[in-house]
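Here are the chains, one letter per residue:
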Amino acid sequence: MNGIKIRGTGRSVPGKLVTNQDLERIVDTSGEWIASRTGIQTRRHCAGEETFSSITAEAARRALEDAGVPPDQIGACIVATVTPETLVPSAACGLQAALGLPEDIPCFDLNAACTGFLFALHTMECLLNASPRKFGLVVGAENLSRVVNWADRGTCILFGDGAGAAVVECREGWPSVSAVLGCHGNGELLRLPGPETGEPSYISMEGTKVFKFAVEAVPWCVNQVLQKTGRTVEDVDFFVFHQANARIIDLAVRKCRIPPEKYYKNIAEYGNTSAASIPLVLSELREQGKIGPGSRLLAVGFGGGLTWGGCLIEFA
């Protein structure tokens, strides 16, 4: 099977800034407590004319522009999300109309929670191998501020809204992303109920247990991808982790002995943006010139499901 590489990236976050001090006025917490436990200082929330659809489309447009790929060359579109505006039509179908993508391509949403972008990359690699068009659009986008319980101080402080996108290209002779993906079905530790459950559609989480799962899953994924690809930490230019908690990332990099110049955190600014988190990091790193053509990255995600995943991504 032919592999994929990233050709361009883009991102979009709402303009409304919500600080820890803002949350102090809503729930019984303190900015110092939030920062020390999570590493989060601010997060962005959709408001007014800024919606899930608008930030998703903006991130996708920027990725297409960065890649220099016209919409009519896209062979598939996947949006990784748990918070689409509508279940039908999907967010990806909305993007097809908004961007003028071809009508004879698969466009669909994918829900693997915070690991969704990596599940989508692997799926896109499979789709493009069977497509006459060799470019794909992969988006991670969330509007989590509308599904948090503002009376639950343990979860409402964590989540933000945002969208990140990547245009990938499939070419003969390129290596696979070598995805390592998995799931342990658990409906209790991290939950967002649907309309048929009779429960409010709010995020609930057993934080301590999810933290324990994450600090074990992240190093495991790193090691599995390195073993699968025959690479070492030294062979990887940058490590990109789902931005759920600064302490999880710090523990993982110490366990894997990753040098500080090889990883990046933006959780302080955006909070946990679920499926948008990894592509937001990719876009920022590219804009800052820390990664570019030829860069090799190892990305790891983990989240509700429980899901986990890792893959080795290269930039064309």
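Throughout what follows, the structure given in this document is the object of discussion. (Residues numbered from 1 in each chain as written. Predicted model: local features only at pLDDT ≥ 70, side-chain atom pairs only at ≥ 80, totals over all residues. Heavy atoms only, no water.)

Things to note about the packing of aromatic side chains
Move 1: On inspection of all chains with the given rule, the structure shows 2 aromatic pairs.
Move 2: Consider the rings of Phe-239 and Phe-241, whose centres lie 6.4 Å apart with planes at 15°: the pair is stacked. Of the two residues, Phe-239 and Phe-241, both sit in the buried class. (Phe/Tyr/Trp six-rings, centres within 6.5 Å; stacked < 30°, edge-to-face > 60°. Buried < 20%, exposed > 50% of the residue type's maximum accessible area, 1.4 Å probe, protein only.)

As for the sheet that holds strand 11 (residues 238-241)
Move 1: Sheet architecture is open: 4 strands sit in the order 8-13-12-11, paired in mixed fashion. Whereas interior strands pair on both sides, the edge strands pair on one side only; in this sheet they are strand 8 (180-183) and strand 11. The sheet shows a mean angle of 15° between the axes of neighbouring strands, taken without regard to direction.
Move 2: Pairing analysis gives 8 bridges linking strand 12 (residues 296-303) to strand 13 (residues 307-314), with the strands arranged antiparallel. Looking across to strand 13, one finds that Phe-302 is bridged to Trp-308.
Move 3: Running at roughly 40° to strand 13, helix 6 (residues 207-229) makes contact with strand 8, strand 11, strand 12 and strand 13 of the sheet. (Pairing = 2+ DSSP bridges. Helix = DSSP H or I, 4+ residues; strand = E, 2+ residues; numbered from the N terminus. Axes fitted to C-alpha atoms, helices over the stretch in contact; angles between N-to-C directions. Contact = heavy atoms within 4.5 Å.)

Remarks on the side chain of Ser-283
Move 1: Structurally, the position occupied by Ser-283 is in helix 9 (residues 277-287).
Move 2: Among the residues examined, Ser-283 registers a relative accessible area of 5% and is labelled buried.

Some remarks on the packing of helix 6 against helix 7 (residues 246-256)
Move 1: Direction vectors running N to C along helix 6 and helix 7 enclose 40°, while the axes themselves pass 9 Å from each other. The orientation of helix 6 with respect to helix 7, classified from their angle, is oblique. The two elements helix 6 and helix 7 meet at a crossing, and its hand is right-handed. Taken together, the residues of helix 7 that come into contact with helix 6 (itself represented by Phe-211, Ala-214, Val-215, Val-218, Pro-219 and Val-222) are Arg-247, Ile-248, Leu-251, Ala-252, Lys-255 and Cys-256. (Parallel < 35°, antiparallel > 145°, perpendicular 65-115°, else oblique. Left-handed = near helix turned anticlockwise from the far one by under 90°.)

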